[in-house]
There are 4 protein chains.
Amino acid sequence: MTETALNKVTFIGLGKMGTPIALNILKAGFDLTVYNRTPGKMDVLADRGANIAASPKESAAGSDFVMTCLMDDQSVLDNTSGEDGLLAGLKPGGVHIGTATVSPSCAAKLDRLHNSHGSHYISAPIFGRPDAAEAGTLLTYVAGNAEVIARCEHLFAAYTQTHIYMGEDVKVVNSIKLAMNFVLVSLIEIFSEVYTFSEKSGMDAEFIEKLIHTVLAHPVLGEYTTRLRTGDFEPAAFALQAGFKDVSLMLQAASEVQAPLLVASTIRDKLVTALACGMENKDWSAIHEVTRMEAGL
Amino acid sequence: MTETALNKVTFIGLGKMGTPIALNILKAGFDLTVYNRTPGKMDVLADRGANIAASPKESAAGSDFVMTCLMDDQSVLDNTSGEDGLLAGLKPGGVHIGTATVSPSCAAKLDRLHNSHGSHYISAPIFGRPDAAEAGTLLTYVAGNAEVIARCEHLFAAYTQTHIYMGEDVKVVNSIKLAMNFVLVSLIEIFSEVYTFSEKSGMDAEFIEKLIHTVLAHPVLGEYTTRLRTGDFEPAAFALQAGFKDVSLMLQAASEVQAPLLVASTIRDKLVTALACGMENKDWSAIHEVTRMEAGL
Amino acid sequence: MTETALNKVTFIGLGKMGTPIALNILKAGFDLTVYNRTPGKMDVLADRGANIAASPKESAAGSDFVMTCLMDDQSVLDNTSGEDGLLAGLKPGGVHIGTATVSPSCAAKLDRLHNSHGSHYISAPIFGRPDAAEAGTLLTYVAGNAEVIARCEHLFAAYTQTHIYMGEDVKVVNSIKLAMNFVLVSLIEIFSEVYTFSEKSGMDAEFIEKLIHTVLAHPVLGEYTTRLRTGDFEPAAFALQAGFKDVSLMLQAASEVQAPLLVASTIRDKLVTALACGMENKDWSAIHEVTRMEAGL
Amino acid sequence: MTETALNKVTFIGLGKMGTPIALNILKAGFDLTVYNRTPGKMDVLADRGANIAASPKESAAGSDFVMTCLMDDQSVLDNTSGEDGLLAGLKPGGVHIGTATVSPSCAAKLDRLHNSHGSHYISAPIFGRPDAAEAGTLLTYVAGNAEVIARCEHLFAAYTQTHIYMGEDVKVVNSIKLAMNFVLVSLIEIFSEVYTFSEKSGMDAEFIEKLIHTVLAHPVLGEYTTRLRTGDFEPAAFALQAGFKDVSLMLQAASEVQAPLLVASTIRDKLVTALACGMENKDWSAIHEVTRMEAGL
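Because the structure is a prediction, the values reported are computed rather than measured.

Draft legend 1. The overall build of chain A, seen in detail. Within chain A, the regular secondary structure consists of 13 helices and nine strands. The C-alpha radius of gyration of chain A comes to 24 Å, more than 25% above the 19 Å expected for a compact globule of 297 residues. The C-alpha extent of chain A, read off along each of the three principal axes, is 65 × 40 × 35 Å. Across the 297 residues in chain A, those meeting the buried criterion constitute 60%. Partitioning the contacts of chain A with sequence separation of at least 6, the portion at a separation of at least 24 is 65%. Measuring between centres, the 23 positive side-chain charges of chain A sit 2 Å from its 34 negative side-chain charges.

Set out below in structure tokens:
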């Protein structure tokens, strides 16, 4: 670490992700104080020179940056507010960096709390898993006051490979994190349904795995994301009416081998709505118009 | 085309896919007869030297191969059976190549019909869209009697780039086709939900499009398809309990911007089941165990 | 039975429902011929004086009325058409009475087949279970040519307590039967979700059973069916916004006891759409406007 | 009101329900103080002799009972805790009666807060709508310390027709309230789906309304609730295999008239699971076994 006036860091929350991050911050030469509800988890940091605090308030006293790496909205709020909360200890102008995935409305609330206190809240949810945290190869999207974020650069560098500035709005990066996790778990669900259908149909699982990756890497997906983004569903590459037929056949084939396909059922319902709205000759990606209609757009 | 005794081909169904395929077969030098319910669509083939027939039966008379490229189960069965059906005209030992996506049970029925007749049914659903059909770059998975398929090689070469042999069972390739289309439409649905959430949250659509492609290309997906295939959900890379929290937050954030997320709701229900079955510390991809349980596995 | 020229009846399908119905017809003095795929099941009828036939065709020969009581669309069509089908044996002017729940489109197809043959198809799905069939207390809705139905009165009287004429359209009574069964199974699903939530919450099941019946008998349900029928959602008795809150709380409470509530999730999504469409101050039964919108109305 | 030492009542939350309840309490002779965030809504009570307070804390000072009739968890907690909350004003031994539908976990939290304070929390969610509140014919289920509840009897009598004691656990009555509202909204959803299917099928809505009420009043529902409660699914009155067929036909019929039936799709998936688990010959109400399995039971 280059010499800097801002080198006092507090780290709250020493779980699977927090511990390796805190260790990297220590390694980078910061003056680190840690707090964890279960005290035993602080030992590994103390052994390497970190200070130990008895409460969030105490841990924040005198620090330039307080980082939280906690489970959920409630635990972040509990560690921030109240008699023993970090706000009670944080100096004016201090910076709270939230690394956990919290709800957008929780991020907004933290922002308000710090504004009242004369301190700053920066949303910085991390992307990556424990091995990336250890290796220091995490990605983080950060949002909040640009000037304040500029002061955090050397700290971000200590525990991430890349940080990307996303603007002033502290809510939006949490929405992005949630959306990416939603895409991931939805992919898992689809894989799960396809594997189960395949297993019950007597297909070879390794062959199916290859097929899935073929689809995921197929250039047609780029065409679909563009169609959806631009709302361009005509002319059809694959007509919605034919798509409805195929999804119906899939559900029929799956019921014959007695495999329920929950996502397929959901999509079938949506395709029925699309047909009811006269979209039979549009591209089947026009189900996006139904999604938008159902969101009042 | 190399000289061969088997060069008489019938083609039934001149739609968006059928017409370019038939043209490529003609171009490859086969002696082609076509039939289409709406006669006007046969003109473009007749102009290039194809024979025209007045019924499926008439079209099949004397042919080595009869290809069907029709809309659905019912239309294939209607063109195959009955007084005017292709079976009534097809010679013993003749081969029926079905290129449409039909249900596995329809493929099995066609197979039985041809067996009784002394002819052969080959399942050969095509992958690709009209532009690939024109360019002759379609992919086809084929299933049925291996010897018979060997006799079709030069014909497959006329309208596809690649054909992959999948074994004797004529049902399975239809299941594969349906499964691949199911993956595609499910991806579209997920994209649609993410875009809609983003739009209502005030995010930039081009940024979201990039994020989606980042996820689709991420190596972690390979890890997930392997976990699901091998049933290996411990140790967790991302604990199911934490996954439940994130999906719940996503649904909460989406309801705050008033966007319904149907797939997320479905997955949330499944995660509740996984928690109820004691999987909170497994990887979140362990929802696959719920899918399998719900399929009686 | 009063003396009548029309007393020759054929009965096809001697299952759990068919056998007691056929016995009642026999008891009423009709000249009965039966056919069943599994011949052994005809013995009990033969013992009481029924004639036995070797095929649907043979069974229908000379009969005034042919009744079918079969499993599904396919079995009714198989017993009707083809070389050995009942149509091949039925005299012009003969009447086919279909008692099973078939699809509306199957009913329409049977109607067309009989029209071509110069005979008549009457849709007469039965309501009631084996004990009601034995007791002759079934209910049937009937549809088809009114004059033909008038000729069947004495036959309906032999196996039902009530028959209600529903007009000429043979499809509609099948839709009604399906709709009533749908209401029934949906109620079962709701009961199932409530019981499961209650069981996991440690409530007394008998108390819950009483509550369910209290709701089912509550006059407010009449108010809701009227609101939906007339589209009258203002002023709100219970505002949609508050309903959304309660359904969300229910899902949260259920996830805390780890019970997935699939119908509640579906309704929550629909309420989000209603909110997105600006219905927050309408009565919560205004979700009907979403249902209608999703059906293109 | 009979003479009693405990006649000082505070009422917080003067909405559509709260105002008529507070008026009835005043009418019954209690010494009433009210607080509402929007002060104007207190005028009608003040005109009739109620005292007005400037905060929850002030309103609770000196009162025997503090009633809250607020929108949701957050508003109840906000009015209870904090510097200006009712707890800050409530005397030891005072009683807080919560009449709103809050989450079971919120009720538990309120109970803990009062225990720490030396006061009491009573869960008393109300059943009924504004007209019943005016008429004083509300129903309330109450839970909490029995002795404390005995002291509230004359107060319950002032604004309800019936109050039913449900034991010590303050959570359970909130679960009951949520469950009853869930049954109601689920019935509305089913009615909505049936009406929409009927409308698109060209049926008469008044006829359908009668059918719905016929089903709701049918004795078979009692048989089903008993089967579910006792887990008695054999012998089948209506076999699950046949039920699956009918739900599939319903979905097919509905897709032909282009009406999506979301609940039917959900049930179809569950029936597939039941078939996969070998329940084809059980009564179709055996889907309850799937619901229980999905809840880890």
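Picking up after the structure, the text goes on.
Draft legend 2. Seen up close, the packing of aromatic side chains. Residues and elements named next belong to chain A. Summed over all chains, the structure comprises 16 aromatic pairs over all chains. Geometrically, the ring pair formed by F127 and Y141 is edge-to-face, given 5.0 Å between the ring centres and 85° between the ring planes. Of this pair, F127 sits in strand β7 (residues 126–127) while Y141 sits in strand β8 (residues 138–142), and the two are 14 residues apart along the sequence. On the accessibility criterion, F127 (13% relative accessible area) is buried.

Draft legend 3. Representation of the domain arrangement of chain A in the model. What the domain assignment lists for chain A is domain 1 (8–174) and domain 2 (218–294). The C-alpha-based centres of domain 1 of chain A and domain 2 of chain A are spaced at 43 Å.

Draft legend 4. Focus on the pattern of salt bridges. One pass over the structure, following the stated rule, counts 41 salt bridges over all chains. The partner of E223(B) in a salt bridge is R129(A), and the shortest N-O contact between them spans 3.0 Å. Residue E223(B) is found in helix α11 (residues 220–230), and its partner R129(A) is found in the loop between β7 and α6 (130–135); the two belong to separate chains. For E223(B), a relative accessible area of 31% gives the class partly exposed. Across the pair D64(C) and K91(C) runs a salt bridge whose closest N-O atoms are separated by 2.8 Å. Placement of D64(C) in the loop between α3 (56–60) and β4 (65–68) and of K91(C) in the loop between α5 (86–89) and β5 (95–98) is noted, with a sequence separation of 27 residues between them. Take D64(C): its relative accessible area is 8%, and that puts it in the buried class. On the basis of relative accessible area, K91(C) is assigned to the partly exposed category, the value being 32%. What emerges from the salt-bridge pattern is a single network uniting E223(C), R227(C), D283(C) and R129(D).

Draft legend 5. How the structure looks around the pairing of strand β1 (residues 8–12) of chain C. Residues and elements named next belong to chain C. In terms of burial, β1 is a largely internal element, four of the five residues being buried. The sheet contact formed by β1 and strand β2 (residues 31–35) spans five bridges and is parallel. Of the residues in β2, the one forming a bridge with F11 is V34. In the classification by handedness, the crossover that spans β1, the intervening helix α1 (residues 18–27) and the parallel β2 is right-handed.

Draft legend 6. Expanded view of the relation of the copies chain C and chain D. In the superposition of chain C on chain D (RMSD 0.1 Å, axial shift 0.0 Å), the rotation amounts to 180°. Viewed as a symmetry operation, the transformation between the two copies matches a two-fold axis.

Draft legend 7. Region of interest: the sheet that holds strand β2 (residues 31–35) of chain A. Residue and element names in this part refer to chain A. One open sheet holds the six strands; their spatial order is β3-β2-β1-β4-β5-β6, and the pairing between them is parallel. Edge positions in the sheet fall to β3 (51–52) and β6 (120–123), since each of these pairs with one other strand and no more. Note: β2 against β3, two bridges, orientation parallel. Pairing of T33 across the sheet is with N51, part of β3.

Draft legend 8. Broad picture of the interface of chain C and chain D. With 88 residues of chain C in contact, the opposing surface of chain D contributes 88 residues. At the boundary of chain C with chain D, total buried surface from both sides reaches about 8300 Å², with 74% on carbon and sulfur atoms. Taken as a group, R129(C), F182(C) and I188(C) account for 8% of the area that chain C buries against chain D, more than any other trio of residues on that side. Where chain C meets chain D, there are ten salt bridges.

Draft legend 9. Quick peek at the sheet that holds strand β9 (residues 160–165) of chain C. Strand order in this open sheet of three strands is β7-β8-β9 (chain C), and the pairing throughout is mixed. The open sheet terminates on both sides in strands that have one partner only, identified here as β7 (126–127) and β9 of chain C.

Draft legend 10. Spotlight on the interface of chain B and chain A. If you look at the interface, chain B gives 88 residues, while chain A gives 88 residues. In total, chain B and chain A occlude about 8300 Å² of area from one another, counting both sides; carbon and sulfur atoms represent 74% of this. Linking E206(A) and R229(B) is a salt bridge whose minimum nitrogen-to-oxygen distance equals 3.9 Å. Counting across the chain B and chain A interface gives 28 residue pairs in polar contact (both at pLDDT 80 or more). Elements supplying a minimum of two residues to the side of chain B that touches chain A: α6 (104–117), α9 (172–201), α10 (205–216), α11, α12 (240–256), α13 (262–276) and α14 (287–294) of chain B. Among the elements that make up the side of chain B that touches chain A, the one with the highest residue count is α9(B) (25 residues). Looking at the side of chain B that touches chain A residue by residue, the classes come out as 51 nonpolar, 19 polar and 18 charged.

Draft legend 11. The pairing of β8(A), seen in detail. All names here are of chain A. A large share of β8 lies buried, amounting to four of its five residues. Relative to β8, β7 is paired through two bridges, and the arrangement is antiparallel. Its bridge partner being in β8, I126 is matched across the sheet by T140. The pairing of β8 with strand β9 (residues 160–165) spans five bridges and is classified as parallel. Counted as the bridge partner of Y141 is I164 from β9.

Draft legend 12. Expanded view of empty space enclosed by the protein. According to the stated counting rule, one finds six cavities of 30 Å³ or more in the structure shown. The volume enclosed by the largest cavity comes to roughly 540 Å³. Surrounding the largest cavity, 32 residues form its lining, T266(A), T266(B), L262(C), T266(C) and T266(D) being those nearest its centre. Of all elements in the fold, only α12 (262–276) of chain A, α13 of chain B, α13 (262–276) of chain C together with α13 (262–276) of chain D reach the threshold of two or more residues within the lining of the largest cavity. Classifying every residue of the lining of the largest cavity gives eight nonpolar, twelve polar and twelve charged. For the second largest cavity, the calculated volume is near 60 Å³.

Parameters at a glance
- Residues numbered from 1 in each chain as written.
- Chains lettered and ligands numbered in written order.
- Predicted model: local features only at pLDDT ≥ 70, side-chain atom pairs only at ≥ 80, totals over all residues.
- Heavy atoms only, no water.
- Helix = DSSP H or I, 4+ residues; strand = E, 2+ residues; numbered from the N terminus.
- Rg over C-alpha atoms; globule rule 2.2 N^0.38 Å.
- Buried < 20%, exposed > 50% of the residue type's maximum accessible area, 1.4 Å probe, protein only.
- Contact = heavy atoms within 4.5 Å.
- Lys, Arg positive; Asp, Glu negative; His and termini not counted.
- Charge placed at Lys NZ, Arg CZ, Asp CG, Glu CD.
- Phe/Tyr/Trp six-rings, centres within 6.5 Å; stacked < 30°, edge-to-face > 60°.
- Domains from an automatic or database assignment.
- Salt bridge = Lys/Arg side-chain N within 4 Å of Asp/Glu carboxyl O.
- Pairing = 2+ DSSP bridges.
- Right-handed = clockwise from strand over helix to strand, strands pointing away.
- Least-squares fit on C-alpha atoms with pLDDT ≥ 70 in both.
- Buried area = accessible area lost by both parts, 1.4 Å probe.
- Polar contact = N/O pair within 3.5 Å; in protein donor to acceptor, adjacent residues only side chain to side chain.
- Nonpolar A, V, L, I, M, F, W, Y, C, P; charged D, E, K, R; others polar.
- 1 Å grid on protein atoms, 1.4 Å probe; cavity = no way out; pocket = protein on both sides within 12 Å on 5 of 7 lines; lining within 4 Å.
- Points joined across faces, edges and corners; volume = space filled by probe spheres on them.

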